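# Results of the structural survey
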2 protein chains.
Amino acid sequence: MVSIKDVAEHAGTSFKTVSRVINNDPGVREETRERVQASIDALGYRPNSAARMMRNQKSGVIGFISDEVVTQPYAGELLLGAQEVASEHDKVLMVVNIEHDRKRQQRAIDMLLERRVEALVYASYYHREIELPQEMLQVPSVLVNCFTTEAELPTFVPDEVQAGYDATRLLIEQGHSRIGMITLNPQIVASRKRLEGYRRALDEAGIAFDGELIVQGEPRFDESAEAASVAFAVDTLMALDKRPTALVCGKDEFAMQVYFLLARFGLQVGRDLAVTSFDNQRLIAPGLTPGLTTMELPHLEMGRAALHCLFNRTDDRSTRLIPFSPIVRESHRLKV
Amino acid sequence: MVSIKDVAEHAGTSFKTVSRVINNDPGVREETRERVQASIDALGYRPNSAARMMRNQKSGVIGFISDEVVTQPYAGELLLGAQEVASEHDKVLMVVNIEHDRKRQQRAIDMLLERRVEALVYASYYHREIELPQEMLQVPSVLVNCFTTEAELPTFVPDEVQAGYDATRLLIEQGHSRIGMITLNPQIVASRKRLEGYRRALDEAGIAFDGELIVQGEPRFDESAEAASVAFAVDTLMALDKRPTALVCGKDEFAMQVYFLLARFGLQVGRDLAVTSFDNQRLIAPGLTPGLTTMELPHLEMGRAALHCLFNRTDDRSTRLIPFSPIVRESHRLKV
DNA sequence: CCGATGAATGACAACGTTGTCGAACAGTAA
DNA sequence: TTACTGTTCGACAACGTTGTCATTCATCGG
């Protein structure tokens, strides 16, 4: 590989002068600068970042540890937002997917610390508590879409309560008061918090909470039984004496199921039942008829916010709630 | 940051001996080794990879340039497969998303070459021809899910023809001979090749090709008009004198639309129309009733194959076709 | 014409690591 | 004792940069 010395020899100067040219140091005569630049171009020289790192004691790298962000639809936007802000600050992300594997996680963190990452981001696919790798405390770190009780770290999570509130509010504003909810697995943070938002919206509107209207859509054990589970949930709701006229679905896949399942009862979303949901899965939400009104997870925004926080290095180690965006289509509104 | 010299001082040896311990060099007395190891642990020493890089003239990094792989549902599996193989060989991926931006692409490549990546992978979200960044020829490179005519490089793309063939064949085997197809935008490689596979399957089965059965599902200009476009396609097919009894959909979103749209005609997928499709979008395909039979894009496999190719450095610069996997559910079969 | 000034450039060290070579030492055979 | 072996360890250089300081040279005022 061609080094600064090769360029110097080619240009007939000392290698220090070449260094000056590369770094736009002002103390170089114009003529010399041009000659050196010509040699750089001729030899195809590129500064060796490893040498620079050693000299400057800075890697310019930010580690991004993800459990499975990258493999999940649109969660990758989190990465995208992070990359965008990082590159504004001339930093690069080094992304490692650890896939819930302890050993792999350890190896990944070792690798990142050996590369002297200037900071670490830990991002999880779904909003949950994590076991904090203790090594993360050695460098500035932030958590995204996850949290921990083991240490105080800047944390960015979606505002699930607000999302639940807004999703419900959209239906209340349409005049509904019998509003059903198909929840995610209650062990999940999102499930509990969104329900909290739902209740808050009802309270605020003076609507009494009715436990009968809350049914679980995700199966307790067998993932593959999800379709059946949603079907059961819809059946349960539709068998009620006072059927709901509106429904908050725990995720867009549930909503899709609902669109199909209502046909059994001769009903249609958007005519007989108003629906809102969460996620705004681009594959599903716009493709349904009527278009699905849904709360979009702020992945991009969380990624951005987390990196901004790293660069504005204050001592603020609080948890920040990033709001969902309501994507308003037609499903929350009944056509008469 | 604590260096090898700090450890040496702490352990009362020369720094070279510490180096030997780190690298498991045999010529160290057991007692010394333990003493040094204790110091390493006590000080929390981690070897500085920048220094190692400089010394060894090897970065251990493989650059992964993606146009938008990461932000697209499940295309991230490509990255995952690549990462898996890389880490088997003790290499790390450095991923950069260039988002079709010329400048960003140039910056990304410069950055990667300055970091002395040992190889480059260029992966595109959908199968297409790319303009090859000329710098890629400076290091061993492979293309994934894309190709170029500007140079001969090892290339890994999905076998679209086989996918079209298989998707059609599944229907033929069920006794169908009037098989419609809703195609993607014909400018896309996948669209043309899959149609070729479709024709081959028909030929082989002695079924005459009928152009009336081929309709375009993707709108020509306006992306947002896709739903309407598919609706029009279905209407067209259903208005034929001899309606198709089976249908190959260009992507799972089309299939989802078809499930809904058939209702207009009082028809049902799996009862009146057999359907196959492409992609196996996890959000859609398993959630439809009947489950969608679809050809899964070999993202994971392409990622793996590409990296294997880099490590088995032969001079083979050919294009390898990676087969789709048929994910057989129920939609290709009519229930009587 | 001389010394002072400032601009342009070079010599050298250092960053943290590993490869090469040689030194110190213990043990063994003659 | 000597000579030789092998084991264990350290001194030193080098990798490619950049910061510090010294040197060279032209220019300018007196």
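What you are looking at is a predicted structure, and each value in this text was computed from that prediction instead of being measured.

Quick look at the overall build of chain A now. When you go through chain A residue by residue, the secondary structure sums to eleven helices and twelve strands. Since a compact globule built from 336 residues should have a radius of gyration of about 20 Å, the 27 Å found for chain A marks it as more spread out than a globular shape. Expressed as lengths along the three principal axes of its C-alpha atoms, the size of chain A is roughly 90 × 40 × 35 Å. By the burial criterion, 58% of the 336 residues in chain A qualify as buried. In chain A, 68% of the contacts between residues at least 6 apart in sequence involve partners at least 24 apart. By element, 48% of the accessible surface of chain A is carried by carbon and sulfur atoms, the whole surface being about 14,900 Å².

In this arrangement, two copies of a chain are superimposed by a rotation about an axis accompanied by a shift along the axis. Aligned on chain A, chain B shows an RMSD of 0.1 Å; the corresponding rotation is 180 degrees and the shift along the axis is 0.0 Å. The operation mapping one copy onto its partner corresponds to a two-fold rotation axis. The rotation axis passes nearest to the C-alpha of Pro73(B) in chain B, at a distance of 1.9 Å. Of the interface residues in chain B, 100% have counterparts in chain A that sit at the interface too, so the contact is made through matching surfaces.

Here the focus is the protein's contact with DNA strand C. Looking at DNA strand C, there are 29 residues lining it, with Thr17(A), Thr32(A), Ile4(B), Tyr45(B) and Arg55(B) nearest. For DNA strand C, the backbone portion of the atoms within 4 Å of the protein, that is sugar and phosphate, comes to 58%. One of the backbone nitrogen or oxygen atoms of Arg29(A) is found 2.8 Å away from a phosphate oxygen of DNA strand C. When contributions to the surface near DNA strand C are tallied by element, the ones reaching two or more residues are helix 2 (15-22) and helix 4 (49-56) of chain A together with helix 1 (4-11), helix 2 (15-22) and helix 4 (49-56) of chain B. With five residues, the top contributor of residues to the surface near DNA strand C is helix 4 of chain B. A per-class count over the surface near DNA strand C returns nine nonpolar, eleven polar and nine charged.

Below, the discussion takes up the pattern of salt bridges. Counted under the stated rule, the structure contains 43 salt bridges over all chains. The partner of Asp110(A) in a salt bridge is Arg46(B), with the nearest N and O atoms 2.9 Å apart. You can see Asp110(A) sitting in helix 6 (residues 102-114) and its partner Arg46(B) sitting in the loop between helix 3 (30-43) and helix 4, one on each of two chains. Note on Asp110(A): relative accessible area 24%, which makes it partly exposed. Arg102(B) is paired through a salt bridge with Glu131(B); the nearest N and O atoms lie 3.6 Å apart. One end of the pair, Arg102(B), is in helix 6 (residues 102-114); the other, Glu131(B), is in the loop between strand 3 (119-129) and strand 4 (141-147), and 29 residues separate them in sequence. You can call Arg102(B) exposed: its relative accessible area is 56%.

On to the nonpolar core, then. Ranked by size, the top nonpolar core spans 104 residues in total, and within it Ile182(A), Val258(A), Val275(A), Ile182(B), Val258(B) and Val275(B) carry the most contacts. Filtering out sequence-adjacent residues up to four positions away, Val258(A) remains in contact with Ile182(A), Val234(A), Leu247(A), Cys249(A), Val269(A), Leu273(A) and Val275(A). Counting residues in hydrophobic clusters, the runner-up holds 50 residues, among them Phe156(A), Val70(B), Ala119(B) and Ala306(B).

Glancing now at unusual backbone geometry. Pro290(A) follows Thr289(A) through a cis peptide bond whose omega is -5 degrees. Along the chain, Pro290(A) turns up in the loop between strand 9 (274-279) and strand 10 (293-296). For Glu99(A), which is not glycine, the phi torsion reads 50 degrees and is therefore positive. Checked against the element boundaries, Glu99(A) lands in the loop between strand 2 (92-97) and helix 6. The phi torsion at Asp90(B) lies on the positive side, around 60 degrees, for a residue other than glycine. According to the relative accessible area criterion, Asp90(B) is exposed, its value standing at 64%.

Quick look at helix 3 (residues 30-43) of chain A now. Residues and elements named next belong to chain A. When the terminal C-alpha atoms of helix 3 are compared, their 20 Å separation across 14 residues agrees well with the 20 Å that a helix rising 1.5 Å per residue should span. Within helix 3, burial applies to Thr32, Arg33, Val36, Ser39 and Ile40. Axial view of helix 3: buried residues confined to an arc of 125 degrees, hence all on one face. Relative to its buried face, helix 3 has exposed residues pointing more than 90 degrees away, namely Glu34, Asp41 and Ala42. Residues of helix 3 that are buried sit in contact with helix 1 (4-11) and helix 2. Remark: Gly44 follows helix 3 within two positions and exhibits a positive phi of approximately 65 degrees.

Here we take up the protein's contact with DNA strand D. The full set close to DNA strand D counts 29 residues, and Tyr45(A), Arg55(A), Thr17(B), Arg20(B) and Thr32(B) are the nearest of them. Sugar and phosphate atoms form 58% of the subset of DNA strand D atoms that lie within 4 Å of the protein. One nitrogen or oxygen atom from the side chain of Thr17(B) is found 2.3 Å from a phosphate oxygen belonging to DNA strand D. Between DNA strand D and Arg20(B), the relevant distance is 2.5 Å, taken from a base nitrogen to a side-chain nitrogen or oxygen of the residue. Sorting the residues of the surface near DNA strand D by element identifies helix 1, helix 2 and helix 4 of chain A together with helix 2 and helix 4 of chain B as the ones contributing at least two each. Broken down by element, the surface near DNA strand D gets its largest block of residues, five residues, from helix 4 of chain A. Looking at the surface near DNA strand D residue by residue, the class counts come to nine nonpolar, eleven polar and nine charged.

Residue and element names in this part refer to chain B. One open sheet holds the six strands; their spatial order is 7-6-8-9-10-12, and the pairing between them is mixed. Unpaired on one side and paired on the other, strand 7 (214-216) and strand 12 (325-327) mark the two borders of the sheet. Averaged over all adjacent pairs, the angle separating strand axes in this sheet is 20 degrees, with direction ignored. Sheet topology places strand 6 (residues 179-183) next to strand 7; three bridges connect them, and they run parallel.

Next up on the list: the sheet that holds strand 8 (residues 246-249) of chain A. All names here are of chain A. Reading across the sheet, the six strands line up as 7-6-8-9-10-12 and stay open at both edges, with mixed pairing between neighbours. Sheet topology places strand 7 (214-216) and strand 12 (325-327) at the edges, where each strand pairs with a single neighbour. Here the strands of the sheet are splayed against their neighbours by 20 degrees on average, with no regard to which way each runs. Direction of pairing for strand 9 relative to strand 10: parallel, over a ladder of four bridges. Note that in strand 10 the partner of Ser277 across the bridge is Thr294. In the packing of helix 7 (residues 160-172) onto the sheet, contacts are made with strand 6 (179-183), strand 8, strand 9, strand 10 and strand 12, and the angle to strand 9 comes to roughly 160 degrees. In this fold helix 10 (residues 252-261) packs onto strand 6, strand 8, strand 9 and strand 10, with an angle of close to 150 degrees to the strand it touches most, strand 9.

What counts, and where the lines are drawn
Residues numbered from 1 in each chain as written. Chains lettered and ligands numbered in written order. Predicted model: local features only at pLDDT ≥ 70, side-chain atom pairs only at ≥ 80, totals over all residues. Heavy atoms only, no water. Helix = DSSP H or I, 4+ residues; strand = E, 2+ residues; numbered from the N terminus. Rg over C-alpha atoms; globule rule 2.2 N^0.38 Å. Buried < 20%, exposed > 50% of the residue type's maximum accessible area, 1.4 Å probe, protein only. Contact = heavy atoms within 4.5 Å. Areas by Shrake-Rupley, 256 points an atom, 1.4 Å probe, with all protein chains shown as cover. Least-squares fit on C-alpha atoms with pLDDT ≥ 70 in both. Near = heavy atom within 4 Å. Polar contact = N/O pair within 3.5 Å; in protein donor to acceptor, adjacent residues only side chain to side chain. Nonpolar A, V, L, I, M, F, W, Y, C, P; charged D, E, K, R; others polar. Salt bridge = Lys/Arg side-chain N within 4 Å of Asp/Glu carboxyl O. Core = buried A, V, L, I, M, F, W, Y, C linked by side-chain atoms within 4.5 Å. Expected span 1.5 Å × (residues − 1). Arc of directions from axis to C-beta. Pairing = 2+ DSSP bridges. Axes fitted to C-alpha atoms, helices over the stretch in contact; angles between N-to-C directions.

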